[in-house]
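Here are the chains, one letter per residue:
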Amino acid sequence: MASPPPSPLTTTSAASAPPDNSNKPAAPPVHVLPTQLATIYSYIHPAALLSAFAARFPALVNDPVAEMAQQLPLLALAHVAYVMICLPAAGSSDSTTSTTTTTPASPSTPTASSASSTGTTTGTNEKGGNVILRPGRVGRRRTKDSSSSSATASAISGRVVASLLSLTLTTLLATPVLSILLVLFGAPFTTHHAQTVLCAAHMAILSSTALVYVHGVDGNVWKEVWGAKRPGDIVWGGALGTCVGAWLGAVPVPLDWDRPWQAYPITLLTGAYIGFVVGSVLGRSVLFGKRIRFEEGEDVKKVE
């Protein structure tokens, strides 16, 4: 006796199964802007920060509070320039500029009819180029110089506004959060308040300004940031490197070496700057597109 055919309600096709997006990040890895200036400056900026910090290290040892307060505005200005020149702003199309292609206009496009409907006529000059003729304006050629210049000015102003907003959010939100985390990880609670706040401000600018500039206030992205699940790139690498470097920089503080540079928070700040440089370089190279999964039995996986 033949068995009845399977019910369509119980039959599941492999092709109809929903795709598994559990490993897909909330936002793709961030690329440096595809311009020669952005590429060059993305290497100059970390090297310049580390060189300036090394040059001012003796002054930092002599008076940490005064030196950190003096260098904080310069760091903020340098980092704002860095994100504006090298990184795509949140919500912009800068990251897809290098992959966007323009489609040539079809020869059959009714340009003549559209021109006649607006009261203009189109002619052909001696070299074969189109000339837009208007009543009272003989042979006046329409150019795109004004529109392109206005678009450039609009893009620059948008980057300036985005960078200033990200710096403001970093100052108002990231600095207090990092100050609390420093205290929770062993910083003095009843003393050294100025040292803690200034060190947190330096760390916030290094780690958070670019994150806010690139990702805005996207909640899903920031969940990945706090869960250390972002795919590697120059932004996430710099942020994670800053925090890990500061954590490792705290190791010499309790050691009984009686060195002046062991005073809090000199070694933490040193580790943060070194970690930012190392993390930025690794994030844009060998760790690009990779993220760490903390589930048992899984290692670093490449984000497709």
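In this text the structure is predicted, and so the values were computed from the model without any measurement.

Rules used throughout
Residues numbered from 1 in each chain as written. Predicted model: local features only at pLDDT ≥ 70, side-chain atom pairs only at ≥ 80, totals over all residues. Heavy atoms only, no water. Helix = DSSP H or I, 4+ residues; strand = E, 2+ residues; numbered from the N terminus. Expected span 1.5 Å × (residues − 1). Buried < 20%, exposed > 50% of the residue type's maximum accessible area, 1.4 Å probe, protein only. Contact = heavy atoms within 4.5 Å. Polar contact = N/O pair within 3.5 Å; in protein donor to acceptor, adjacent residues only side chain to side chain. UniProt positions renumbered as here; feature names shortened; annotations may be inferred. Phe/Tyr/Trp six-rings, centres within 6.5 Å; stacked < 30°, edge-to-face > 60°. Lys NZ or Arg CZ within 6 Å of the ring centre and 35° of its normal. Core = buried A, V, L, I, M, F, W, Y, C linked by side-chain atoms within 4.5 Å. Arc of directions from axis to C-beta. Axes fitted to C-alpha atoms, helices over the stretch in contact; angles between N-to-C directions. Parallel < 35°, antiparallel > 145°, perpendicular 65-115°, else oblique. Nonpolar A, V, L, I, M, F, W, Y, C, P; charged D, E, K, R; others polar. Patch = residues over 30% accessible without salt bridge, like charges linked within 9 Å, V, L, I, M, F, W, Y side chains within 5 Å. Areas by Shrake-Rupley, 256 points an atom, 1.4 Å probe, with all protein chains shown as cover. Salt bridge = Lys/Arg side-chain N within 4 Å of Asp/Glu carboxyl O.

Caption draft 1: Highlighting helix α8 (residues 234-249). Taking 1.5 Å per residue as the helical rise, α8 with its 16 residues ought to reach 22 Å, and the 21 Å between its terminal C-alpha atoms agrees with that figure. Taken residue by residue, α8 has Ile 234, Val 235, Trp 236, Gly 237, Gly 238, Ala 239, Gly 241, Thr 242, Gly 245, Ala 246 and Gly 249 as its buried positions. For α8, the elements touching its buried residues are α1 (36-55), α3 (64-86), α6 (193-215), α7 (219-226) and α9 (266-283). Its side-chain oxygen 3.0 Å from the backbone nitrogen of Val 235, Asp 233 forms the N-cap of α8.

Caption draft 2: Region of the structure containing the UniProt feature "transmembrane region" (unreviewed entry) in the protein chain. UniProt marks residues 164-187, 193-214, 234-255 and 261-283 with the feature "transmembrane region" (unreviewed entry), using the numbering shown here. Secondary structure content for residues 164-187 is 88% helix and 0% strand, and the end C-alpha separation is 30 Å. The span residues 193-214 carries 100% helix and 0% strand; its end-to-end C-alpha distance comes to 31 Å.

Caption draft 3: How the structure looks around the packing of aromatic side chains. Summed over all chains, the structure comprises 3 aromatic pairs. Every member of this aromatic cluster is reached through a ring pair, and the members are Phe 53, Phe 57 and Tyr 273. Above the plane of the ring of Tyr 43 lies Arg 284, whose end atom (NZ or CZ) is 4.1 Å from the centre.

Caption draft 4: Here's a closer look at the nonpolar core. Among the nonpolar cores identified, the biggest contains 32 residues, and Leu 182, Cys 199, Met 203 and Leu 269 are the most heavily contacted of them. A per-element tally of this core places α6 first, with 8 residues. Setting aside residues up to four positions removed in sequence, Cys 199 forms contacts with Met 68, Leu 182, Pro 265, Leu 268 and Leu 269. By size, the runner-up hydrophobic cluster in this structure holds 20 residues, among which are Ala 27, Val 83, Cys 86 and Val 214.

Caption draft 5: Molecular detail of α7. Within the sequence span of α7, burial applies to Val 221, Glu 224 and Val 225. The arc enclosing the buried residues of α7, seen along the axis, measures out at 105°, which places them on a common side. The exposed set on the far side of α7, more than 90 degrees from its buried face, consists of Lys 223 and Trp 226. If you follow the buried residues of α7, they end up packed against α6, α8 and β3 (290-292).

Caption draft 6: Geometry of the packing of α3 against α6. Running from amino to carboxyl end, α3 crosses α6 at an angle of 0°, the nearest separation of the two axes being 10 Å. With respect to their mutual orientation, α3 and α6 come out roughly parallel. Residues Val 65, Met 68, Ala 69, Gln 71, Leu 72, Leu 75, Ala 76, His 79, Val 83 and Met 84 of α3 touch α6, and the partners they reach there are Ala 194, Gln 195, Leu 198, Cys 199, Ala 201, His 202, Ile 205, Leu 206, Thr 209, Ala 210 and Tyr 213. Here the residues of the contact of α3 with α6 are counted per class, giving 16 nonpolar, 5 polar and no charged.

Caption draft 7: Structural detail: a nonpolar patch on the surface. A cluster of nonpolar side chains, namely Val 177, Ile 180, Leu 181, Leu 184, Phe 185, Trp 226, Leu 240, Val 244, Trp 247 and Leu 248, defines an oily patch on the protein surface of about 1100 Å² accessible area. Only α5 (145-184) and α8 provide two or more residues apiece to the nonpolar patch. By the element assignment, Leu 184 lies in helix α5.

Caption draft 8: Expanded view of the environment of Gln 195. Among the structural elements, Gln 195 can be located in helix α6. Judged by its relative accessible area of 16%, Gln 195 falls in the buried class. Taking C-alpha positions, Gln 195 is 7.3 Å from Pro 64, a pair spaced 131 residues apart along the chain. Those residues in contact with Gln 195, other than ones at most four positions away along the chain, are Val 65, Met 68, Tyr 264 and Pro 265.

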